[in-house]
Amino acid sequence: MILSCGEALIDMLPRTATTGEACFAPYAGGAVFNTAIALGRLGAPSAFFSGVSTDMLGEILADTLTASQVDTQFLARSDRSTTVAFVKLVDGQATYAFYDEATAGRMLSTDQLPSLPGDVSTLFFGGISLVNDPAASTYEALQTREAATRVTMIDPNIRPGFIAGQETQYRARIERMIARADIVKLSDEDLHWLMGAGDLTALARQIIATGPKVVFITEGAAGARAVTASQDRFFAATKVTVADTVGAGDTFNAGALAALHQAGVLTKTALTDLSDATLDAALSLGTRSAAITVSRPGANPPWAHEV
């Protein structure tokens, strides 16, 4: 089972009312939530851990997980409110305004960490859940607890506007979690934010030198690559008409993880010696799945039969 650990929220997406007025419509979302949904839809054994409210919006989140075949047994439910993010789209690119103070997700604490059964092979972390305490420290504590015996993956999905005033603390946390992780995914922009200017493969290998076995780098409309200590594999993106980019990277993560699960390599030993064919399969499923997501509005990952 792959346990996605991180934020779940309601995205308020811009729409046009039947009267022609601009309005917002609520959609279940959050980067890590989207990855859990995409994993479930792709047929991988998916579960989700987060602080989720018992309010009306929290019920939308829980019901959406169940409808996409995601195991909800690890949800930490509370009567705190649900995080809401208003989304602005410009030429299909999304920017966000988050309302997260004292929410069920933001206030997740270490006493809410679950005991994990043996069938959880892999834990995935990332998104805005790694910015603000106590939740950010709680997720890092979970990775620290489990990283020695289970595969962990991180995609920080960096939002510079969201970390204003906390960059030093945030950067240190991300660097620690990357060093513990077996798999790292970064967009090319995230990679440069973390590592500075330079060749993508060379920068990825600097990350690998700190501990991870493989780094996936998404390069927008160009495609994605997988870098190990000795391999550099690239897969071109599927060309589609883009509705918006909400959930694109999250879906890529799910596709890559689902392919690694299908190949039977989500173990700490197997990840040290991945074949070119296995890396190519992960890139292929990740990019093809993401292409479907960006071709339709909002974070709406594909089901296995659509890929």
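Note: the structure precedes this text.
Quick summary incoming for the structure in this document. (Residues numbered from 1 in each chain as written. Predicted model: local features only at pLDDT ≥ 70, side-chain atom pairs only at ≥ 80, totals over all residues. Heavy atoms only, no water.)

Further remarks concern the packing of aromatic side chains. Going through the model one piece at a time under the given rule, you end up with seven aromatic pairs. An angle of 85° between the planes, with centres 5.8 Å apart, marks the rings of Phe86 and Tyr99 as edge-to-face. With Phe86 in strand β8 (residues 84–90) and Tyr99 in strand β9 (residues 93–99), the pair connects residues that are 13 residues apart, well separated along the chain. Tyr99 sits in the exposed class, given a relative accessible area of 51%. Where Phe98 meets Phe162, the ring centres are 4.6 Å apart and the plane angle is 70°; that geometry is what we call edge-to-face. Of the two residues, Phe98 sits in strand β9 while Phe162 sits in the loop between β11 (151–155) and α4 (167–180), which places them 64 residues apart along the sequence. When its relative accessible area of 17% is taken as the criterion, Phe162 is described as buried. An aromatic cluster is built from Phe24, Phe86 and Tyr99, whose rings are joined through pairwise contacts. Seen from the ring of Trp193, Arg171 lies directly overhead, with NZ or CZ sitting 4.1 Å from the centre. (Phe/Tyr/Trp six-rings, centres within 6.5 Å; stacked < 30°, edge-to-face > 60°. Helix = DSSP H or I, 4+ residues; strand = E, 2+ residues; numbered from the N terminus. Buried < 20%, exposed > 50% of the residue type's maximum accessible area, 1.4 Å probe, protein only. Lys NZ or Arg CZ within 6 Å of the ring centre and 35° of its normal.)

The subject of this paragraph is the sheet that holds strand β3 (residues 22–29). Read across the open sheet, the four strands follow the order β3-β2-β8-β9; overall the sheet is mixed. Each edge of the open sheet is held by one strand with a lone partner, namely β3 and β9. Taken over all neighbouring pairs, the strand axes of this sheet differ in orientation by 30° on average, direction set aside. Where strand β2 (residues 9–16) lies against β3, eight bridges are found, and the strand directions are antiparallel. Its bridge partner being in β3, Leu13 is matched across the sheet by Ala25. (Pairing = 2+ DSSP bridges. Axes fitted to C-alpha atoms, helices over the stretch in contact; angles between N-to-C directions.)

As a further point, take empty space enclosed by the protein. Remark: the empty space left among the atoms is shown by a probe the size of a water molecule rolled over them. Enumeration over the complete set of coordinates arrives at one cavity of 30 Å³ or more. Counted by class, the lining of the largest cavity contains four nonpolar, seven polar and three charged residues. (1 Å grid on protein atoms, 1.4 Å probe; cavity = no way out; pocket = protein on both sides within 12 Å on 5 of 7 lines; lining within 4 Å. Points joined across faces, edges and corners; volume = space filled by probe spheres on them. Nonpolar A, V, L, I, M, F, W, Y, C, P; charged D, E, K, R; others polar.)

With 14 residues, α4 extends 20 Å from end C-alpha to end C-alpha; this agrees with the ideal 20 Å at 1.5 Å per step. Residues of α4 that are buried: Tyr170, Arg173, Ile174, Met177 and Ile178. Projected down its long axis, α4 shows its buried positions confined to an angular sector of 130°, all on one face. Those residues of α4 that are buried lie in contact with β10 (122–126), α3 (135–146), β11, β12 (183–187), α5 (188–195) and α6 (200–208). (Expected span 1.5 Å × (residues − 1). Arc of directions from axis to C-beta. Contact = heavy atoms within 4.5 Å.)

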